[in-house]
Each structure stands twice: as structure tokens, then as C-alpha cells.
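# Geometric and topological summary
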Amino acid sequence: ALEWATIRLWLILCIMRGWHSRQLDFVLAYPQAPAPRPTYMELPAGINFPNGINRKLHCLQILQNIYGGKDAGRTWFLYLKQGLLELGFEQSKIDECVFYKGTTVLLVYTDDCIVIDKESQANIDNVIELLKSKFDLEDEGNIEDYLGVRVTKQQDGSLLLTQPHLIDSILADLGLKDGQSNAKPKDTPAMTTKLIGPDYDGDPFNYSWDYRSVIGKLNFLEKSTRPDIAYATHQCARFLINPKRSHGEAVKYIGRYLLGTRDKGLIISPTEMESFECYVDADFMGNWDKKIAEIDPNTAK
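Residues numbered from 1 in each chain as written. Predicted model: local features only at pLDDT ≥ 70, side-chain atom pairs only at ≥ 80, totals over all residues. Heavy atoms only, no water.

In this section: the overall build of the chain. A tally of regular secondary structure across the chain gives eight helices and twelve strands. For the C-alpha atoms alone, the extent of the chain along its principal axes is close to 75 × 65 × 45 Å. Contacts in the chain between residues at least 24 apart in sequence constitute 68% of all its contacts with a sequence separation of at least 6. Carbon together with sulfur atoms contributes 51% to the accessible area of the chain, which is approximately 18,400 Å² in total. With 34 positive and 41 negative side-chain charges, the chain shows a separation of 5 Å between the mean positions of the two kinds. (Helix = DSSP H or I, 4+ residues; strand = E, 2+ residues; numbered from the N terminus. Contact = heavy atoms within 4.5 Å. Areas by Shrake-Rupley, 256 points an atom, 1.4 Å probe, with all protein chains shown as cover. Lys, Arg positive; Asp, Glu negative; His and termini not counted. Charge placed at Lys NZ, Arg CZ, Asp CG, Glu CD.)

Taking 1.5 Å of rise per residue, the 16 residues of helix 8 (residues 245-260) would be expected to cover 22 Å, and the 23 Å separating its terminal C-alpha atoms lies within 8% of that figure. Buried within helix 8 we find His-247, Gly-248, Ala-250, Val-251, Tyr-253, Ile-254, Gly-255, Tyr-257 and Leu-258. Along its buried surface, helix 8 packs onto helix 5 (164-174), helix 6 (211-224) and helix 7 (230-237). (Expected span 1.5 Å × (residues − 1). Buried < 20%, exposed > 50% of the residue type's maximum accessible area, 1.4 Å probe, protein only.)

Next up on the list: the environment of Ile-268. Here Ile-268 is to be found in strand 12 (residues 266-268). Owing to a relative accessible area of 5%, Ile-268 belongs among the buried residues under this scheme. For the pair Ile-268 and Ile-15, spaced 253 residues apart in sequence, the C-alpha to C-alpha distance is 8.6 Å. For Ile-268, the contacting residues outside a window of four places in its chain are Arg-8, Leu-11, Ile-12, Ile-15, Ser-158, Leu-159 and Leu-161.

The share of residues in the chain with pLDDT of 70 or more is 95%, and the mean pLDDT across the chain is 91. Highest mean pLDDT in the chain belongs to strand 4 (residues 90-91) (98); lowest belongs to helix 1 (residues 4-17) (91). (pLDDT = per-residue confidence, 0-100.)

This next bit is on the sheet that holds strand 11 (residues 159-162). What holds strands together in a sheet is hydrogen bonding between their backbones, with the strands either parallel or antiparallel. Strand order in this open sheet of four strands is 9-10-11-12, and the pairing throughout is antiparallel. Taken across any chain shown, the strands that pair with only one partner, and hence form the sheet edges, are strand 9 (145-146) and strand 12. By the bridge criterion, four bridges tie strand 10 (residues 149-153) to strand 11 in an arrangement that is antiparallel. When the sheet's bridge partners are listed, Val-151 is paired in strand 11 with Leu-161. (Pairing = 2+ DSSP bridges.)

Attention shifts here to the sheet that holds strand 5 (residues 98-101). Strand order in the open sheet formed by six strands is 4-5-6-7-1-8, and the pairing between neighbours is antiparallel. The open sheet has two edge strands with one neighbour each: strand 4 and strand 8 (137-139). By the bridge criterion, two bridges tie strand 4 to strand 5 in an arrangement that is antiparallel. Considered in strand 5, the bridge of Gln-91 is made with Phe-99. With respect to the sheet, helix 4 (residues 121-132) is in contact with strand 1 (20-26), strand 5, strand 6 (104-109), strand 7 (112-117) and strand 8, its orientation differing from that of strand 1 by roughly 20 degrees. (Axes fitted to C-alpha atoms, helices over the stretch in contact; angles between N-to-C directions.)

Further remarks concern the environment of Ile-215. Its place among the elements puts Ile-215 in helix 6. As for Ile-215 and Arg-226, which are separated by eleven residues in sequence, their C-alpha atoms are 14 Å apart. When residues no more than four places from it in sequence are discounted, the contact partners of Ile-215 are Thr-233, Cys-236, Ala-237, Leu-240 and Val-251.

This paragraph deals with the side chain of Asp-112. Relative to the assigned elements, Asp-112 resides in strand 7. Buried charge Asp-112 goes without a salt bridge, the closest partner of opposite sign being Arg-22 at 15 Å. Contact partners of Asp-112, with chain neighbours within four places excluded, come to Leu-24, Asp-25, Leu-107, Tyr-146 and Leu-147. (Salt bridge = Lys/Arg side-chain N within 4 Å of Asp/Glu carboxyl O.)

Our focus in this paragraph is the packing of aromatic side chains. The description of an aromatic ring pair rests on the distance of the ring centres and on the angle between the ring planes. Applying the stated criterion across every chain, the model contains 14 aromatic pairs. Both rings, one in Trp-4 and one in Tyr-146, keep their centres 6.4 Å apart while their planes meet at 75 degrees; by these two values the pair is edge-to-face. Linking Trp-4 in helix 1 with Tyr-146 in strand 9, this pair joins segments that are 142 residues apart in sequence. No difference in accessibility class separates Trp-4 from Tyr-146, as the two residues are buried. (Phe/Tyr/Trp six-rings, centres within 6.5 Å; stacked < 30°, edge-to-face > 60°.)

So, about the pairing of strand 6. With respect to burial, strand 6 is a largely interior element, five of its six residues being buried. Bridging between strand 5 and strand 6 involves four bridges; their strand directions are antiparallel. Paired with Val-98 across the bridge in strand 6 is Leu-107. Hairpin geometry of strand 5 and strand 6 is characterised by an intervening segment of two residues between the two adjacent antiparallel strands and by a positive phi of about 60 degrees at Gly-102. Sheet analysis places strand 6 next to strand 7, joined by six bridges and oriented antiparallel.

For the rest of this paragraph, the subject is the pattern of salt bridges. Under the defined criterion, the tally for this structure stands at nine salt bridges. Here Lys-134 and Glu-86 are joined by a salt bridge, their closest N and O atoms 3.0 Å apart. Of the two residues, Lys-134 is situated in the loop between helix 4 and strand 8 and Glu-86 in helix 3 (residues 72-86); the sequence distance between them amounts to 48 residues. Looking at Lys-134, the relative accessible area reads 32%, which means it is partly exposed. Members of the salt-bridge network, linked through shared partners, are Arg-22, Asp-125 and Asp-139.

The following block contains the structure:
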């Protein structure tokens, strides 16, 4: 699948170089591809068939790739790839979901695409018409909401990437949405005076929400637009197998931080004047815990 790191890279290049972009959607993508092998199904109930058709003796052959098949996604991508190659596109050797044709770049995530051109919107129009000769797709205009990420262009030319809908989903799971709780927002995603550990003797996890599900959503959020919760999320993710109540409290702490920062996100504002900067938090022995050091070497780096 197309990585968000790839998407961010091309968005950065668009800002720095003034390139043009557009968002596309393949309509009912999977059934556009033919069925990969002979497949049959029973006659659906509630439909009247002509005389001579017997439900016990006859069936329907599925001619197109359908949603729900084990390899439906792969079948669609192979069909899309073959079609793009026939139209003159070249597949990237680094990321197989990136395709090139002249000055145009096509980023593909299942049925959602971003088209980028280094020269003009007219070139993008031509590429869209070319794609329509082989695929059924819609031109969705400027990039505003891609894969659940809201893309907002600021007055200074920078881009703000946010995921308010995903944050709302996480807050709803944790019972922190408006009307569910009177919880006050936190200023940090985790306690700054206490580290969480296995807590072998702690109280069992007894919250009504699913720990693994919420961690999954937090992982997607931090990798897409909220790197500020990465450390806290990864610490909580260490205890997916047997979470304790203390781990649930740590996850709710992250939720209370998101409660007050729902509209915050990742700001992409590159310039050609600055070099690459990297900030590292060297923890070294910060996680050292003498009680469990022998059975959990992760307490020290």
C-alpha cells in the first residue's frame, strides 16, 4: 500500500516547486477488473427467473472481480497496473504504488489517487482523459480530504494535515466525547513523572472499550498526522496481550490530550533555505526498573 511518508514527500515537493495536483477516485474499483478465475454463486433469493431456470440445477457465473474476495484487492491492483503500463506509465522501482508518465506522477492507494504534474493543470486534464479511456473514475478537484486526512492549504502556502474524524472515533471509544464525560483535557500525551511498565501485580483491565482497537487507531493517527503522541502510544502498545488497568488509564490520558488538541495536526511548511533538522530524545537509562530488569531488558537502552 502507498505509504504516508511517500504522500508527504510529494506534497512537500508540490509546495517547494509550485507543482500542480488533483485528486481522483476510481468508481467501484474492484468490479472494474475481470474475475481472476471461474467463480459461481447460487441464484439470489427474492428474484424471479424465467421458466426453465431451477435453483437446484442452475447457478450464476461471476464475470467481474467482487468485493469480499480473498484476493480482490490484489486482482484490482494488478488490473490497474497493467492498464497504466499500457497507457504509457512507468512504475516506480522504489514504491510500487507510484507511477510516472512524462512530467506527471500518479500516487495510488487502492481506488484513491493523487495526480501531480510539474508543469500545468492542462497536463493533468490530459492525463485524466487518458485514464478515462480505460477506467471509470471521477475528478474530485483539489486535494482536501485524502484517506481520512483533511488537507488544508494555509495563507502562507503551507499545508495543515489533520484527522478530526479519527480523533472523534477514538474519543467516542474512550467515552470522552461531548456528553459522555466531564473529563478535562491534558497538556501532554503522557505523565511526565511516571513511566508505565508491565505492572504484573496491578488491577486487571476492566474498561468497556477494546484496548487493542484503540491502540490500532492511535498508531494510525500518530503515523499520519500526530507524531506528538508517538512515544506515549508506543509505550501503551507494548501491553496489547495482557493490559492492566494502569495501561488503560495511560491510554485514556492520551485521549484527554487529544480532547484538547482535536484541531491540531502536522504542518508541512518546507523551505529551500534550511537544511534537514532532526530532534532526538536520548532516553538511555530513563526506563530502568531494577525490579523487572532481569525479565524485561527493554527497561534500558
